[in-house]
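Structural description and commentary
Residue strings, one per chain:
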Amino acid sequence: MSPAPQAGYSKRSRMDKLGVKPGMRVALIGVEDSDFLAELRERTSDIAVARPRKQSDLIFLGVEDAKPLAWLATLRRAIRPEGAIWTIWPKGQKHIGEGLIRSAALAQGLVDVKVIAFSERLSGLKLVIPLAQRRR
């Protein structure tokens with residue numbers, strides 16, 4: 001299998017940019033990208049599709065409009081305290097973007113810490129639980 005095409009300027013693999021480590025528990029919700037799924041399977045076999053399992057390390061949430069953002073509170077409860085939710089949305093859309101996602105995340109007790117070019121046509125925003133709110 002040839003390496004996946006890289007978006008943006010980074011020489012790091014997409015899996016490295018996203019922080020996917022071997023053996024992580026990952027969930028895909030609304031992200032229908034067979035190349036991405038194949039890349040994930042090279043890193044971990046613990047992949048849920050459509051519904052995350054408790055104590056997920058990373059959740060990838062496809063966001064075509066504002067409706068999936070209502071899931072953020074539920075997804076926050078599904079991730080480990082040090083886990084993350086990556087929101088993935090189409091570039092160049094006026095009705096959905098970084099600002100709208102950030103506002104929805106803050107309303108659900110999440111903060112954004114990183115933005116990436118997920119692919120040539122998609123962007124990604126990493127959301128985490130603030131350090132002060134993580135369970136010990």
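For clarity, every value in this text was computed on a predicted model and none was experimentally measured. (Residues numbered from 1 in each chain as written. Predicted model: local features only at pLDDT ≥ 70, side-chain atom pairs only at ≥ 80, totals over all residues. Heavy atoms only, no water.)

Attention now goes to the overall build of the protein. The number of helices and strands found in the protein is 4 helices and 6 strands. Counted from the first residue to the last, the protein has its helices and strands arranged as α-β-α-β-β-α-β-α-β-β. Residues counted as buried form 48% of the 136 residues belonging to the protein. Excluding contacts between residues fewer than 6 apart, the proportion of contacts in the protein whose partners are at least 24 apart in sequence is 63%. Positive and negative charge centroids in the protein, built from 24 and 14 side chains respectively, lie 7 Å apart. (Helix = DSSP H or I, 4+ residues; strand = E, 2+ residues; numbered from the N terminus. Buried < 20%, exposed > 50% of the residue type's maximum accessible area, 1.4 Å probe, protein only. Contact = heavy atoms within 4.5 Å. Lys, Arg positive; Asp, Glu negative; His and termini not counted. Charge placed at Lys NZ, Arg CZ, Asp CG, Glu CD.)

With that settled, consider the pattern of salt bridges. In total, this model carries 8 salt bridges according to the counting rule given. Where Asp57 meets Arg80, a salt bridge forms, and the shortest distance between an N and an O atom there is 3.1 Å. Residue Asp57 is located in strand E3 (residues 56–62), and its partner Arg80 is located in strand E4 (residues 79–90); the two are separated by 23 residues in the primary sequence. Here Glu82 and Arg80 are joined by a salt bridge, their closest N and O atoms 2.3 Å apart. The exposure class of Glu82 is partly exposed, given its relative accessible area of 46%. Look at the salt bridges and you will find they share partners, linking Arg25, Asp46 and Arg53 into a network. (Salt bridge = Lys/Arg side-chain N within 4 Å of Asp/Glu carboxyl O.)

A separate point is unusual backbone geometry. The phi angle at Ala50 is positive, at roughly 80 degrees, despite the residue not being glycine. By the secondary structure assignment, Ala50 is in the loop between strand E2 (47–49) and E3. The phi dihedral of Gln55 is positive, around 65 degrees, even though this residue is not glycine. Mapped onto the elements of the fold, Gln55 is located in the loop between E2 and E3. Using a relative accessible area of 39% as the deciding quantity, one classes Gln55 as partly exposed.

Let's shift gears to the sheet that holds E2. Spatially, 6 strands are ordered E2-E1-E3-E4-E6-E5 in an open sheet, and the strand pairing comes out mixed. The open sheet has two edge strands with one neighbour each: E2 and strand E5 (111–117). For this sheet, the mean angle separating the axes of adjacent strands, direction not counted, is 20 degrees. Alignment of E5 against strand E6 (residues 122–128), held across 6 bridges, turns out to be antiparallel. Among the inter-strand pairings, Val115 is bridged to a residue of E6, identified as Leu125. Helix H2 (residues 34–43) rests against strand E1 (26–29), E2 and E3 of the sheet, and its axis sits at about 170 degrees to E1. Packed onto the sheet, helix H4 (residues 98–107) meets E4, E5 and E6 and runs at close to 20 degrees relative to E6. (Pairing = 2+ DSSP bridges. Axes fitted to C-alpha atoms, helices over the stretch in contact; angles between N-to-C directions.)

Membership of the largest hydrophobic core comes to 21 residues, with the highest contact counts inside it found for Ile59, Leu72, Ile85 and Leu127. Elements represented by at least two residues in this core include exactly E1, E3, helix H3 (72–78), E4, H4 and E6. Those residues in contact with Leu127, other than ones at most four positions away along the chain, are Leu72, Gly83, Ala84, Ile85, Thr87, Ile101, Ala105, Leu110, Val111 and Asp112. The next biggest cluster of nonpolar side chains, apart from the first, holds 20 residues, and it includes Val26, Leu40, Ile47 and Phe118. (Core = buried A, V, L, I, M, F, W, Y, C linked by side-chain atoms within 4.5 Å.)

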